[in-house]
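Structural overview
So the chains spell out like this:
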Amino acid sequence: REVEGVIGIWQEPWALRLLLGNGGVRVEIREQEVRLWVNLVVEYGVNLGLVAAQVQDRVRDRVEQMTQLNPVEVHVGIHQVKARRTS
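As a convention, each chain's residues are numbered from 1 in the sequence order in which they are written. Local features in this predicted model are restricted to residues of pLDDT 70 or higher, and side-chain atom pairs are both shown and tallied only at a pLDDT of 80 or more, whereas totals for entire chains, interfaces and linings draw on every residue. Based on all heavy atoms of the structure, the side-chain values leave hydrogens and waters out of the count.

**A few points about the overall build of the protein**
When helices and strands are counted, the protein shows two helices and four strands. Ordering the α and β elements of the protein from the N terminus gives β-α-β-β-α-β. A contact between two residues is defined here by any heavy atoms of the two lying within 4.5 Å. Excluding contacts between residues fewer than 6 apart, the proportion of contacts in the protein whose partners are at least 24 apart in sequence is 64%. Strands here are runs of E lasting at least two residues and helices are runs of H or I lasting at least four, both read from the DSSP assignment and numbered beginning at the N terminus.

**Remarks on the environment of Leu69**
Inspection of the secondary structure assignment puts Leu69 in the loop between helix 2 (48–67) and strand 4 (70–82). Taking the C-alpha atoms as reference points, Leu69 and Ile29, 40 residues apart in sequence, are found 9.6 Å from one another. Apart from the residues lying within four places of it in its own chain, the contact partners of Leu69 are Gln32, Val34, Val63 and Glu64.

**Some points on the layout of surface pockets**
Space inside the largest pocket adds up to approximately 240 Å³. Here a cavity denotes grid points, spaced 1 Å and computed from the protein atoms alone, that fit a 1.4 Å probe unable to get out, and a pocket denotes an open set having protein on both sides within 12 Å along at least 5 of 7 lines; residues with an atom within 4 Å of a point are the lining. Taken together, 13 residues make up the lining of the largest pocket; nearest its centre are Arg1, Glu2, Val55, Arg58 and Val59. Counting only elements with at least two residues in the lining of the largest pocket, the list comes to strand 1 (6–9), strand 3 (33–43) and helix 2. In terms of residues, the lining of the largest pocket owes the most to one element, helix 2, which gives four residues. Grid points are joined across faces, edges and corners, and a volume is the space filled by probe spheres set on the points.

**Re the confidence of the model for the protein**
A residue-level look at the protein finds 84% of positions with pLDDT of 70 or above and a mean pLDDT of 86. When mean pLDDT is compared element by element in the protein, helix 2 scores highest at 94, while helix 1 (residues 14–20) scores lowest at 55. Every residue carries a pLDDT, the predictor's confidence in it, which falls somewhere between 0 and 100.

**Thoughts on helix 2**
Given a helix with a known number of residues, its expected span is that number minus one, times 1.5 Å. Look at helix 2: 28 Å from first C-alpha to last across 20 residues, which is about the 28 Å you get at 1.5 Å a residue. Three labels apply to residues, based on accessible area from a 1.4 Å probe with only protein chains included: buried if under 20% of the type maximum, exposed if over 50%, partly exposed otherwise in between. Along helix 2, the residues that are buried comprise Val51, Ala52, Val55, Val59 and Val63. Buried residues of helix 2, seen end-on, are gathered within an arc of 95° and therefore sit on one face of the element. Of the residues in helix 2, the exposed ones pointing more than 90 degrees away from the buried face are Gly49 and Gln65. Packing partners of the buried residues in helix 2 comprise strand 1, strand 3 and strand 4. The backbone nitrogen of Gly49 has a side-chain oxygen 3.1 Å away, supplied by the residue at the start of helix 2, namely Asn47. Of the residues trailing helix 2, Gln68 is marked for its positive phi of about 65°. This arc is taken over the directions from the axis of the helix to the C-beta atoms. Polar contact criterion, stated in full: a pair of N or O atoms within 3.5 Å, where within protein one must be able to donate a hydrogen and the other to accept it, and residues adjacent in sequence count only if both atoms are side-chain atoms.

This is the structure in structure tokens:
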């Protein structure tokens, strides 16, 4: 949510999550290589390519800071686009 236009992490419906064991983020670590998959809900009207690129950069930076590992792949999937709720 640090990237403007991201509303949150997309979650599969609960029944599918039970069957597949997937959530909105998947991480694979083999030796010193890290691969990540992030599924997002984004705000209607944003530049999807720009938001995805910014999320890739932010995730890569945060993983490097927290783990000292260099992510070799960060896949960003946009699974839902919706209007942001106003309070």
